[in-house]
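Summary of structural features
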Amino acid sequence: MATVLTKSGSPPSADGTNSPTESKGPNINVSSETLSSSIPSLGIAVAERRFWFQRAKSYDPTAIATQVSVFDDPDTAEKYQPRPDWENIHRFDPLERWTWGEEHRLIRKIDWRIMVWACIMFMALELDRANIGQALTDNFLGDLHMTTNDYNLGNSIFKLAFLCAELPSQLVSKWMGPDRWIPSQMVLWSIVATAQFWLQGRTSFLACRALLGILQGGFIPDVILYLSYFYKHHELSLRLGFFWTAMSIADIASALLAYGLLHMRGVQGHAGWSRFRGKNGWFTEKEEKIIVNRVIREDPSKSDMHNREPITPRLLWQSLKDFDLWPIYILGLVFQMPMAPIGQYLTLTLRGLHFDTFQANLLTIPYTVIHMITMLGITYLGEIFNELTLIAASGQVWALPFLIYLNSVDTAGVNRWVIYAVTTLLLGYPNAHPIQVGWNSRNSNTVRSRTVSAACYNMFVQAGGIVSSNIYRKDDAPLYRRANKQLLAICCMNIALYVLVKAYYLFRNKQKARKWEAMTTEERLAYLATTTDKGNKRLDFRFQH
């Protein structure tokens, strides 16, 4: 989540001094004198060890984990009280206490019972939408009497349909509830994916891509919003890293499946590519209380809407015009462009380097493995160093030397294994997608804004995918010299863009801090009680960067 300041200017540290470290929640300094003697003891105010490998030998699993929050101060508790119709109000209790051992066991349980299934669902989506890359190696274009430009058009139609469905799907999910809408999406898109077996030509290909995009669009922000109800902000970022790792695992599985399915070419008169188709609850009452209270203590804004409360047109407009989130949207538009066209055409490139159909599919696996490792690596680094922008920019820095190489040599005369190695390392770049999705969620600061911004961010990512699908053109084939120069220019632009986004959020935080620190304690309490500022426009909110 985003950081806010205490009455004294910054969050109190364990030794009682003010520390510049991140605070947990809309932060008003709560002193021990403020708390009634009848209130159960809180945990010692310590910098939370976010990962198991950071826990010191002195780690005590029986120690109280409940940290001080705005709900422990009578002056501020009522200002952040959850609304009475919130779906979890029956489990909300500011007096609830739990130990570090209970919290860490519960997080592992949530991982297995919620997160793992979210990853499996994402793998199902990726298998259905991405196996077209493997199909290309089996004379897919020739069988359907299509050209490279037809293939680009199909990718663009899919991404455009996916993009257009993002926000409507998210609004339907907010109205129905993700627990009802997500399974419905999966059933519908599976029917369309199965229909790909009977593709006959360009028209049926384009129709299937459009339907898949419409039905799969919105799934990702739906799941992200759903997961945000179970995890703290830094925990969500790390889980999103594994969420997109599941996509990479699906890509590996797709390549392995392709090796077998494409050997079936000619069986029963069909091409190989045509076979790509693809009571009491889990938690105790105590666990439900911990889930609700640990999350709401960190971010009270997660209780400002009911889970099945629709977004009205007025609320939608308020979210869309939130200019403070647009820097992250713009990053979503461009950050994958330098690498995406090379990835989309990798199997065709490998065929052009005289690797056979089966080798071309298997050779896509190494870069996917590298990509998984680097993506998880920078997601962890971003949270360990509490630095989102510059860590996210590392993917562009990684890609830069490889793009320079592709623009500096005559790739037609270079050994094919050298080209393969360069391409593999380029596509193994550390993808900032999990960081940026979590970053967008933190800086939203209301359920309403988080619902819309998750869809908007992904819409910009899909728009970037549409642009990327049309950078490699037939008239520039097979070496794509013009396109590679464009990719290099975009990469350099992106590095500068990350720096500008960092500067923007620093500027906005200084603006807010100047006004907040000029207030007296009484003025701050009066502001909290009377302000009409919402979400990230509140003066007690700080943007993360």
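Residues numbered from 1 in each chain as written. Predicted model: local features only at pLDDT ≥ 70, side-chain atom pairs only at ≥ 80, totals over all residues. Heavy atoms only, no water.

Here is the rule we go by: UniProt positions are given in the numbering used here, feature names are shortened, and annotations may be inferred rather than shown by experiment.
Looking at an unreviewed UniProt entry, one finds the protein named Major facilitator superfamily domain-containing protein and attributed to Neurospora intermedia. According to the UniProt record, the Subcellular location (unreviewed entry) comment for the protein is "Membrane".

A closer look at the packing of aromatic side chains
Selection rule: Ring pairs shown here join Phe, Tyr and Trp side chains whose ring centres sit within 6.5 Å, with only the six-membered ring taken for Trp; geometry is labelled stacked below 30 degrees between planes, edge-to-face above 60, and tilted in between. Each helix is a run of H or I in the DSSP string that is no shorter than four residues. Each strand is a run of E no shorter than two, and both are numbered from the N terminus. A simple rule labels every residue: compare its accessible area, found with a 1.4 Å probe on the protein chains alone, to the largest value its type can have, and call it buried under 20%, exposed over 50%, or partly exposed in between. Two conditions define a charge located above a ring, namely a distance within 6 Å from the ring centre to NZ of Lys or CZ of Arg, and an angle within 35 degrees of the ring normal.
Under the criterion given, the structure shown has 22 aromatic pairs. Note on phenylalanine 158 and phenylalanine 162: the rings are 5.6 Å apart at their centroids and 45° apart in plane angle, and the pair reads as tilted. Placement of both phenylalanine 158 and phenylalanine 162 in helix α5 (residues 148-176) is noted, with a separation of four residues, approximately one turn of the helix. Both residues of the pair, phenylalanine 158 and phenylalanine 162, count as buried. Taken together, the ring pairs connect Phe122, Trp189, Phe219, Phe243 and Trp244 into an aromatic cluster. A cation over a ring is seen here: arginine 209 above phenylalanine 158, with NZ or CZ 4.8 Å from the ring centre. The ring of phenylalanine 355 carries the charged tip of arginine 416 above its face, separated from the ring centre by 4.1 Å.

Considerations on the side chain of glutamate 287
Using the following cut-off: We call two residues in contact when some of their heavy atoms are within 4.5 Å.
Tracing the sequence through the fold places glutamate 287 in helix α10 (residues 285-298). If sequence neighbours within four positions are ignored, glutamate 287 has contacts with Leu106, Lys109 and Trp282.

Quick notes on a nonpolar patch on the surface
This is how it is decided: Patch definition: residues above 30% relative accessible area lacking any salt bridge, with like charges linked at up to 9 Å and the nonpolar side chains Val, Leu, Ile, Met, Phe, Trp and Tyr linked at up to 5 Å. Accessible areas in this description were obtained via Shrake-Rupley with a 1.4 Å probe; residue shielding takes into account the shown protein chains only. The term salt bridge refers to a pairing of a side-chain nitrogen on Lys or Arg with a carboxyl oxygen on Asp or Glu at a separation within 4 Å.
Together, Trp112, Val116, Trp117, Ile120 and Trp282 line one region of the surface with nonpolar side chains, adding up to about 580 Å² of accessible area. If you trace the backbone, tryptophan 117 turns up in helix α2 (residues 100-130).

Quick look at α10
For the record, the criterion: A helix is expected to span 1.5 Å for every residue after the first.
Taking 1.5 Å per residue, 14 residues should reach 20 Å; α10 reaches 20 Å between its end C-alpha atoms and fits that length. With 10 of its 14 residues buried, α10 lies for the most part within the structure. Listing the buried residues of α10 in full gives Glu287, Ile290, Ile291, Val292, Asn293, Arg294, Val295, Ile296, Arg297 and Glu298.

As for the packing of helix α20 (residues 433-442) against helix α21 (residues 447-468)
Quick reminder of the rule: Geometry is summarised by axes, namely lines fitted to C-alpha atoms with helices restricted to the contacting stretch, and by angles between N-to-C directions that run from 0 to 180 degrees. Helix crossings fall into two classes, left-handed where the near helix is turned counterclockwise from the far one by less than a right angle and right-handed where it is turned clockwise. Note on residue categories: nonpolar means Ala, Val, Leu, Ile, Met, Phe, Trp, Tyr, Cys or Pro, charged means Asp, Glu, Lys or Arg, and polar means any other residue, Gly included.
Relative to each other, α20 and α21 sit at 150°, their axes nearing to 9 Å. Between α20 and α21 lies a crossing of right-handed hand. Taking contact as the criterion, the partners of His433, Gln436, Val437, Asn440 and Ser441 in α20 are, on α21, Arg450, Ser453, Ala454, Tyr457, Asn458 and Val461. Of the residues belonging to the contact of α20 with α21, the class tally is four nonpolar, six polar and one charged.

A short note on the nonpolar core
Our working definition: Residues belong to one nonpolar core when they are buried, are Ala, Val, Leu, Ile, Met, Phe, Trp, Tyr or Cys, and are joined through side-chain atoms within 4.5 Å.
With 102 residues, the main nonpolar core has Phe219, Phe243 and Trp244 as its most contacted residues. Setting aside residues up to four positions removed in sequence, phenylalanine 219 forms contacts with Met121, Phe122, Leu125, Ser169, Ile182, Gln185, Trp189 and Phe243. In terms of nonpolar packing, the next biggest core, distinct from the first, is built from 12 residues, Tyr80, Val292, Ile296 and Tyr527 among them.

Looking at the UniProt feature "transmembrane region" (unreviewed entry) in the protein
Residues annotated in UniProt with the feature "transmembrane region" (unreviewed entry) correspond here to residues 211-230, 242-262, 323-342, 362-381, 388-406, 418-439, 451-472 and 487-507. In the segment residues 211-230, helix accounts for 80% and strand for 0%; the C-alpha atoms at its two ends are 32 Å apart. Span residues 451-472 is 82% helix and 0% strand, its end C-alpha atoms 34 Å apart.

Things to note about the environment of glycine 438
Residue position: glycine 438 is located in helix α20. Separated by 16 residues in the primary sequence, glycine 438 and alanine 454 have C-alpha atoms spaced 9.3 Å apart. Beyond its immediate chain neighbours, meaning those up to four positions away, glycine 438 contacts Ser237 and Leu240.

Here we look at the environment of arginine 416
Mapped onto the elements, arginine 416 comes out in helix α19 (residues 416-427). Spatially, the C-alpha atom of arginine 416 lies 8.6 Å from that of leucine 350, the residues being 66 residues apart in sequence. Not counting residues within four places of it along the chain, the set of residues in contact with arginine 416 comprises Leu353, His354 and Phe355.

Remarks on the environment of threonine 424
Relative to the helices and strands, threonine 424 is located in helix α19. Residues threonine 424 and isoleucine 370, 54 residues apart in the sequence, show an inter-C-alpha distance of 8.5 Å.

Some remarks on the pattern of salt bridges
Pairing between side chains of opposite charge can happen when their charged atoms approach one another. Tallied over the entire structure, the rule returns 20 salt bridges. A salt bridge links lysine 109 to glutamate 287; its shortest N-O distance comes to 2.8 Å. Residues lysine 109 and glutamate 287 agree in their burial class; the two are buried.

Thoughts on the state of the cysteines
Put simply, the rule reads: Criterion for a disulfide: a pair of cysteine sulfur atoms within 2.5 Å.
Under the defined criterion, the tally for this structure stands at zero disulfides. With no disulfide partner, cysteine 492 has as its closest neighbouring cysteine sulfur the one in cysteine 491, 5.8 Å distant. Overall, cysteine 492 belongs to the partly exposed group, its relative accessible area being 42%.

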